[in-house]
Amino acid sequence: MCLPHAGGSASFYFPVARALSPRVEVLAVQYPGRQDRRQEPAATDLEVLTEQIVEALGPWTDKPYAFFGHSMGAIVGFEAARRLESAGHGPAQLFVSGRRAPSLDPHGDWQPSTDEEVVAEIRRLNGTGDALLEDEEMLRMILPALRADYGAVRSYRYRPGPALDCPVTAFTGDRDPKAEVGQVRAWHTHTTSGFELSVLPGGHFFLVDQQEMVLRTVEEQLRRAVPSAVAS
């Protein structure tokens, strides 16, 4: 179950679904306020968004599954895993990418407050193509979701609680300004099971260029966690 970054959508994971099919079934969560859910108000609270996702994923939690979340999606995946574990239906594995551990103070990060600052931040992180950012009509479509997502991340407050029972595998780029290696390594404090850290070349969206390596690790970890759930 794949969870997008701030401003991202389910389609970001289409290449992942193509690469892993048919060995692994990939489900990508579509947050409200974008693409086919553009008419719905975007979530401005990660707690509320997480509750909605947990409810929607109920039918898929009766068999082994894992979460993969990038950036904002890593926090959503973590919070969803906590709730599902407490209900007795936790994931077999949590994969987090491009996000420091939730227990670290998240409010040291500067967050854009105007549309111009949002666009500048996306350019800095190479989160989308320049052509899209130059298209005023497209910007009008994506900016509301981006603003909402940034606001949701800014207002997130980690609440101490039991560590996860499932293993955690963390990925980050060696030049990611949003998730330094030491900050990502701190995810090990959030699990009582195994932890692995993979540092790959690139910035915040390193996984676009390093997809093959990331997915190879994901598939290896899934085979280890739930051998019967991954087709040969």
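This text goes with the structure placed above it.
Residue numbers run consecutively from 1 along every chain, following the written order of its sequence. Where local features are concerned, this predicted model is filtered to residues with pLDDT of at least 70; where side-chain atom pairs are given and counted, the filter is 80 or more; whole-chain, interface and lining totals use all residues. Side-chain metrics in this entry use all non-hydrogen atoms of the structure; hydrogen atoms and water are not considered.

Q: Explain the pattern of salt bridges to me, using residue names and the numbers behind them.
A: Each reported salt bridge corresponds to a side-chain nitrogen of Lys or Arg within 4 Å of a carboxyl oxygen of Asp or Glu. Throughout the structure, instances matching the rule amount to 13 salt bridges. Of the charged contacts in the structure, one is a salt bridge between Glu79 and Arg83, with a shortest N-O distance of 2.9 Å. Taken together, the residues span about one helical turn, with Glu79 and Arg83 both in helix α3 (residues 72-86) at a distance of four residues. Per-residue accessibility, obtained with a 1.4 Å probe over protein chains only, is compared with the maximum for each type, and a residue is labelled buried under 20%, exposed over 50%, and partly exposed between these values. On the basis of relative accessible area, Glu79 is assigned to the buried category, the value being 2%. In this structure, Glu219 and Arg223 form a salt bridge, with 3.5 Å as the shortest nitrogen-oxygen distance. Taken together, the residues Glu219 and Arg223, both in helix α9 (residues 211-225) and four residues apart, mark about one turn of the helix. The class for Glu219 is buried, based on a relative accessible area of 11%. Look at the salt bridges and you will find they share partners, linking Glu47, Glu51, Glu79, Arg82, Arg83 and Arg159 into a network. The way it works is that DSSP assigns letters per residue, a run of H or I at least four long becomes a helix, a run of E at least two long becomes a strand, and they are numbered from the N terminus.

Q: Tell me about the packing of helix α2 (residues 46-56) against α3, residues and numbers included.
A: Helix packing for two helices is described by the angle between their axes and how far apart those axes are. In this description, a line fitted to the C-alpha atoms serves as the axis of each element, helices being fitted only across the stretch in contact, and the angle between N-to-C directions of two axes falls anywhere from 0 to 180 degrees. Viewed as axis vectors pointing N to C, α2 and α3 meet at an angle of 60°, and their least axial separation amounts to 9 Å. Taken together, the axes of α2 and α3 are oblique relative to one another. In the crossing of α2 with α3, the sense of the turn from one axis to the other is right-handed. Contact residues: Leu46, Glu47, Leu49, Thr50, Glu51, Ile53 and Val54 in α2; Met72, Ile75, Val76, Glu79, Ala80, Arg83 and Leu84 in α3. Partitioning the contact of α2 with α3 into residue classes produces nine nonpolar, one polar and four charged. Put simply, angles under 35 degrees are roughly parallel, angles over 145 are roughly antiparallel, angles from 65 to 115 are roughly perpendicular, and the rest are oblique. Each crossing gets its handedness from the near helix: less than a right angle anticlockwise from the far helix is left-handed, clockwise is right-handed. Only heavy atoms enter the contact rule, under which two residues are in contact if any of them lie within 4.5 Å. Three classes are used: nonpolar for Ala, Val, Leu, Ile, Met, Phe, Trp, Tyr, Cys and Pro, charged for Asp, Glu, Lys and Arg, and polar for all others, with Gly counted as polar.

Q: Kindly report on α3, identifying the contributing residues and their values.
A: An expected span of 1.5 Å times one less than the residue number is assigned to each helix. The end-to-end C-alpha separation of α3 is 22 Å, in line with the 21 Å expected for 15 residues at 1.5 Å each. Among the 15 residues in α3, 14 count as buried, and that is most of the element. Among the residues trailing α3, Gly88 stands out with phi positive, at a value near 85°.

Q: An account of the packing of aromatic side chains is requested, with residue identities and associated values reported.
A: When two rings of Phe, Tyr or Trp (its six-membered ring) have centres within 6.5 Å they constitute a pair, described as stacked for plane angles under 30 degrees, edge-to-face for angles over 60, and tilted for the intermediate range. One pass over the structure, following the stated rule, counts eight aromatic pairs. With 6.2 Å between their ring centres and 80° between their planes, Tyr13 and Phe68 make a pair best called edge-to-face. One end of the pair, Tyr13, is in the loop between β1 (2-3) and α1 (14-20); the other, Phe68, is in strand β2 (residues 66-70), with 55 residues separating them in the sequence. For Tyr13, a relative accessible area of 2% corresponds to the buried category. Its relative accessible area of 9% is what places Phe68 among the buried residues. Measuring from centroid to centroid gives 6.3 Å for Phe78 and Tyr158, while their planes differ by 35°, and the two rings are tilted. One end of the pair, Phe78, is in helix α3; the other, Tyr158, is in the loop between α6 (136-155) and β4 (168-173), and 80 residues separate them in sequence. Under the relative-accessibility criterion, Tyr158 is labelled partly exposed at 23%. One aromatic cluster is present, built from ring pairs that chain together Phe12, Tyr13, Phe68, Phe95, Phe171 and Phe205.

Q: Break down the nonpolar core for me, citing the residues and quoting the values.
A: What we call a nonpolar core is a set of buried Ala, Val, Leu, Ile, Met, Phe, Trp, Tyr and Cys residues that are connected through their side-chain atoms within 4.5 Å. Counting residues in hydrophobic clusters, the biggest one holds 35 residues, and the most contacted among them are Phe67, Leu94 and Trp187. At the level of secondary structure, the elements contributing two or more residues to this core comprise α2, α3, β3 (93-97), α6 and β4. No other element matches the eight residues that α3 contributes to this core. Once residues within four sequence positions are removed from consideration, Trp187 is found in contact with Ala74, Phe78, Leu94, Val96, Arg99, Arg100, Ala101, Pro102, Val168, Ala170 and Phe195. Counting 16 residues, the second-largest nonpolar core is a separate cluster that includes Val16, Phe171, Leu200 and Val218.

Q: Run through the sheet that holds β1, naming residues and quoting values.
A: Judged by pairing direction, the sheet is parallel, and its five strands sit side by side in the order β1-β2-β3-β4-β5 without closing on themselves. Each edge of the open sheet is held by one strand with a lone partner, namely β1 and β5 (195-200). One bridge is not enough; two strands pair if DSSP finds at least two bridges between them. Here β4 runs beside β5; their pairing, made up of six bridges, is parallel. Paired with Phe171 across the strands is Ser198, a residue of β5. In the packing of α3 onto the sheet, contacts are made with β1, β2 and β3, and the angle to β2 comes to roughly 150°.

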